[in-house]
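Observations on the model geometry
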Amino acid sequence: MTPTHEKQEFVTVLVRDPRTHKGDSWHSYIDYEIFIHTNSMCFTRKTSCVRRRFREFVWLRQRLQSNAVLIQLPDLPSKTPFFNMNNPHHVDHRRQGLQEFLEKILQDALLLSDSRLHLFLQTQLSPEDMEACVSGQTKYTVADAIHKFASLNRRFPIEDEEGKKGKNDTDSDSESSSSGLRPSDDSISCGCKASPASEES
């Protein structure tokens, strides 16, 4: 007996856990954890999280807009000279704006077809490496990059499809240096939580 209706697809995205990374006074920055949980066939991984900083969101918006010129992309929270990373209200306002930006993007089927979006959300590759990957200039594919990041950063129960090829994932862990996959210098691998957590100020 066939089901009367198909299972409805969903994509949950959370932008949370802002963290300040201090260099000298000119190089401190904040990054945010992006948590994805979905049953959509558009995604290589059904659960993932990465950390991204504001300028990487700016890059993503520019690249998506250049590849979808007929679509009016949502705005990012404005970058203001009055932004104070020590002010919890400023930081949370930006976090909310980044989450709303991603929520709107993930509702558009055309934007969901852009490989840069998936690399942004499900790997820690830098913008330069994402560009190289989608341009075919790397030894790894988009799917390779996403699976590699997941195998090196497991924080969730193993997904059904991993049971079939879990051995391949673990065998390939030692190849991270030779595969050319490396995280963005600006972002630190996150200890992601499988369930939504309360926001930190």
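As the structure is a prediction and not an experimental result, all values here were calculated from the model.

A few words now on the pattern of salt bridges. According to the stated counting rule, one finds 10 salt bridges in the structure shown. Across the pair Arg-95 and Asp-92 runs a salt bridge, and its minimum N-O distance is 2.8 Å. With Arg-95 and Asp-92 both in helix 2 (residues 88-105), this residue pair falls three residues apart, about one helical turn. For Arg-95, a relative accessible area of 8% translates into the label buried. Here Asp-92 falls in the partly exposed class, since its relative accessible area comes to 24%.

The subject of this paragraph is unusual backbone geometry. Within the chain, Asp-17 stands out as a residue other than glycine whose phi angle is a positive 50°. Here Asp-17 lies in strand 1 (residues 11-21).

This next bit is on the confidence of the model for the protein. The share of residues in the protein with pLDDT of 70 or more is 72%, and the mean pLDDT across the chain is 80. Element-level mean pLDDT values for the protein span from 42 in helix 7 (residues 160-171) up to 98 in helix 4 (residues 115-122). In this model, residues 185-201 is a region of pLDDT below 50 whose contacts with residues beyond four sequence positions or in other chains number 45 contacts.

We now examine the packing of helix 4 against helix 6 (residues 142-152). Where helix 4 contacts helix 6, the two axes come as close as 10 Å, and the packing angle between them is 10°. The angle between helix 4 and helix 6 falls in the class roughly parallel. Between helix 4 and helix 6, the contacting residues are Ser-115, His-118, Leu-119 and Gln-122 on the first element and Val-142, Ala-145, Ile-146 and Phe-149 on the second. For the contact of helix 4 with helix 6, the residue count by class is five nonpolar, three polar and no charged.

What counts and what doesn't
- Residues numbered from 1 in each chain as written.
- Predicted model: local features only at pLDDT ≥ 70, side-chain atom pairs only at ≥ 80, totals over all residues.
- Heavy atoms only, no water.
- Salt bridge = Lys/Arg side-chain N within 4 Å of Asp/Glu carboxyl O.
- Helix = DSSP H or I, 4+ residues; strand = E, 2+ residues; numbered from the N terminus.
- Buried < 20%, exposed > 50% of the residue type's maximum accessible area, 1.4 Å probe, protein only.
- pLDDT = per-residue confidence, 0-100.
- Contact = heavy atoms within 4.5 Å.
- Axes fitted to C-alpha atoms, helices over the stretch in contact; angles between N-to-C directions.
- Parallel < 35°, antiparallel > 145°, perpendicular 65-115°, else oblique.
- Nonpolar A, V, L, I, M, F, W, Y, C, P; charged D, E, K, R; others polar.

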